Every structure is written in structure tokens, then in C-alpha cells.
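Chain residues, written in single-letter form:
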Amino acid sequence: MKIEKFEVQMESEGERLDKYLNTLFPEQPGRSRSFFQKLIKENHVLVNDEPAKPSLRLKAEDLIHVQIPDAVEISVKPENIPLDILYEDEDVLVVNKPKGMVVHPAAGHDSGTLVNAVLYHCKDSLSGINGEIRPGIVHRIDMDTTGALIVCKNDESHLCIAEQLKAHSCNRKYQGIVHGIVKEEAGTINAPIGRHPIDRKKMAVNERCGKNAITHYRVLEHFAHYTYLEFSLETGRTHQIRVHMASIGHPLLGDSLYAGRKSPYKLQGQTLHAMTIGFVHPRINEYIEVTAPLPDYFEKILRDLR
């Protein structure tokens, strides 16, 4: 465990402790604000020899001791799982994630995940910024959402893509089929999203403590009882499209969590596809756009509806 010591300078007086620590390590991969918030909550950070809260406002000449734990070895096992690769070079990999595949290991899903697959495919070439169970993963899509997802092969590309995601400069377009007839040809839903107050498995529009969330949509095609839409995201909240569309009375077809109505089709989860991902390449500094073709089940539903 490494111990760092700092004295707060006058120009930093009044700054939050977690933000201050984040600015001290701008060149260190993986040391995000949330990383330091976790350290503070685990009492690895002392201010004037006393435990502190992330929100503590600092004073000039405060003495800060930071204990940074040693890196933990990756415990996830590589698995020879076929990947549908849409783009690959020495820095990034874009895969077409199938329905039913979890992005990274979690309780109840410790194998068969995208991380298991990319560990096998990329061998030792993956970024480590997201920690031991998420090497290379800079963003995620839900288990039953299909489509394009970026995997970073080194820390430099991870930081670059993460910054683009944070600045909302990545071009992310989804396609989905929703219940009902969406009357407006295009629209924007600007409603904060947070954890559901009762059902902890769900997210919800939460004006009191939700985080900013913005989804743009436009109609691609109308059917008798459904609408085929394209979505563009400004933010990337958990279940964002699913929550936003349900909130305006047009939940996604097949969404067992948010739709609250039966589907005439035998579906595994929501009919939602991450169609396009566009980003500035971290090494060549040129814009790259990758498109994932619609899965067969999605194409079949469209043919049936037509």
C-alpha cells in the first residue's frame, strides 16, 4: 500500500475533498473521483489525522494522508466465446453484443460474460482502469439489449473514450420498437433518472434525487399498434431509453421490467439495439463510426409488423 501526503494550498481552500484528490492525480489511470470517494469512505484518507467525508470542504494548510491500495490481480477467467467483431485495431475493439450476454461479471453471472470473452480474445491487451472485474470496459449496454459496444485495449484509449462519453461527444444511436403510436415525428425527453424508490431492481424518473438524463427520438416507421424509433443519447444512465419511453406511455416491446403489458411475440427482453457508435479514435485522432446490423429476431418482427 502506497501512502501519499499533501498540504492544502491557499488556492484550493474551500474545495471538496474528493474533487481535490481527483485533481492531484490527473495522470494516473483509474483514479477517478468515484475511486477517491471509495477510498475516503473506507477510511484510507485522513485529514489532519482524522477520518473525513468526501464532501468535506478543505482549508489552507490542512494535512492529507492518502493510502492507495495495491492493484488486485484479475480474477475473471478468459473463456473461448465467439465474438462478432465489427472493428478492431491495436487500441480499440468494437463488438456486436448478442442478446442475453451480460457485459461484466456480477452476482449470478460469473462466466459467459463479454469480459470473459474479450479476455480470451485480447489476451494481455486490455485496459485496467475499471478494476479487476471490468478490464477494457468503458461503457455498457443491458443484458437483453443488442449491438455495438467499445472495448479499450490500453489505458490511454480508455481515458480518451471515457472522456468523450463524459463530454457526450460520442455518437450513440439506438433503434427500438415501442408500444403505441408515437404522434410526434421527433422529440426529446429531458427527465432525471435515479433508483426506483420501492423496487430496487428498477430505475425511474426521479425529480428529487435523479441524475440528468436526455434522450432524443425520431420515428422511423408507424405500425398499427407499435412505433419503430431511433434514439440518440446525450447521457448514459442505467436503463435510460427504457425508463424514458415508459415514462411517456410508450414502453419498449418485450420489456418485462418496465412495459407492464404482454407481448404477442416470444421475446427475451426489450426490443432495443445499439445500432451505431461513433467516436474520435484515441491514436489517429480521426472520427470513426461503426454500425451493428439489426439481429435476426428484430428483422423478423419488423417484417411481421409490415
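Residues numbered from 1 in each chain as written. Predicted model: local features only at pLDDT ≥ 70, side-chain atom pairs only at ≥ 80, totals over all residues. Heavy atoms only, no water.

Enquirer: How should I be thinking about the pairing of strand β8 (residues 171-179) in this particular structure?
Expert: It is a general feature of regular strands that their side chains alternate between the two faces of the sheet. With respect to burial, β8 is a largely interior element, seven of its nine residues being buried. Of the strand pairs in this sheet, β8 and strand β14 (residues 272-280) are connected by six bridges, and their pairing is antiparallel. What sits directly across from K173, in β14, is T276. (Buried < 20%, exposed > 50% of the residue type's maximum accessible area, 1.4 Å probe, protein only. Helix = DSSP H or I, 4+ residues; strand = E, 2+ residues; numbered from the N terminus. Pairing = 2+ DSSP bridges.)

Enquirer: Explain the environment of L21 here, please?
Expert: Mapped onto the secondary structure, L21 falls in helix α1 (residues 17-24). Taking relative accessible area as the criterion, L21 reaches 0% and is therefore assigned buried. Sequence-wise, L21 and V45 are 24 residues apart; in three dimensions their C-alpha atoms are separated by 9.8 Å. Discounting chain neighbours no more than four positions away, the residues touching L21 are F36, I40, V45, I64 and V66. (Contact = heavy atoms within 4.5 Å.)

Enquirer: Sorry if this is basic, but what is going on with the pattern of salt bridges here?
Expert: Side chains that carry opposite charge are capable of pairing whenever their charged atoms lie near each other. Within the structure shown, the criterion is met by 10 salt bridges. Across the pair R16 and D18 runs a salt bridge, and its minimum N-O distance is 2.8 Å. On the accessibility criterion, R16 (23% relative accessible area) is partly exposed. Residue D142 is joined to R242 by a salt bridge in which the shortest nitrogen-to-oxygen separation is 3.0 Å. Here R242 lies in helix α5 (residues 240-247) and D142 lies in the loop between α3 (114-122) and β7 (146-152), a separation of 100 residues in the sequence. (Salt bridge = Lys/Arg side-chain N within 4 Å of Asp/Glu carboxyl O.)

Enquirer: Would you explain the packing of aromatic side chains in this entry?
Expert: Any pair of aromatic rings gets described here by the distance separating the centres and the angle formed by the planes. In total, this model carries two aromatic pairs according to the counting rule given. With 5.9 Å between their ring centres and 55° between their planes, Y228 and F298 make a pair best called tilted. With Y228 in strand β13 (residues 226-233) and F298 in helix α6 (residues 296-305), the pair connects residues that are 70 residues apart, well separated along the chain. This pair shows no difference in class: Y228 is buried, exactly as F298 is. A connected cluster of aromatic rings, assembled from ring pairs, spans Y228, Y297 and F298. (Phe/Tyr/Trp six-rings, centres within 6.5 Å; stacked < 30°, edge-to-face > 60°.)

Enquirer: Looking at this model, I keep getting lost on α5. Mind explaining?
Expert: Two residues of an α-helix separated by three or four positions point the same way, owing to the 3.6 residues in each turn. For α5, a buried count of six out of eight residues is recorded, marking the element as mostly surrounded by other parts of the structure. Buried within α5 we find Q240, I241, R242, V243, H244 and M245. At the C-terminal side of α5, G249 shows a positive phi close to 85°.

Enquirer: What is the right way to look at the side chain of T113 in this model?
Expert: Inspection of the secondary structure puts T113 in the loop between β6 (92-97) and α3. The buried category is assigned to T113, whose relative accessible area is 1%. In this structure the side chain of T113 is engaged in a polar contact, spanning 3.3 Å, whose partner is the backbone nitrogen of V115. Aside from chain neighbours lying at most four places away, what touches T113 is I81, M101, V102, V103, H104 and P105. (Polar contact = N/O pair within 3.5 Å; in protein donor to acceptor, adjacent residues only side chain to side chain.)

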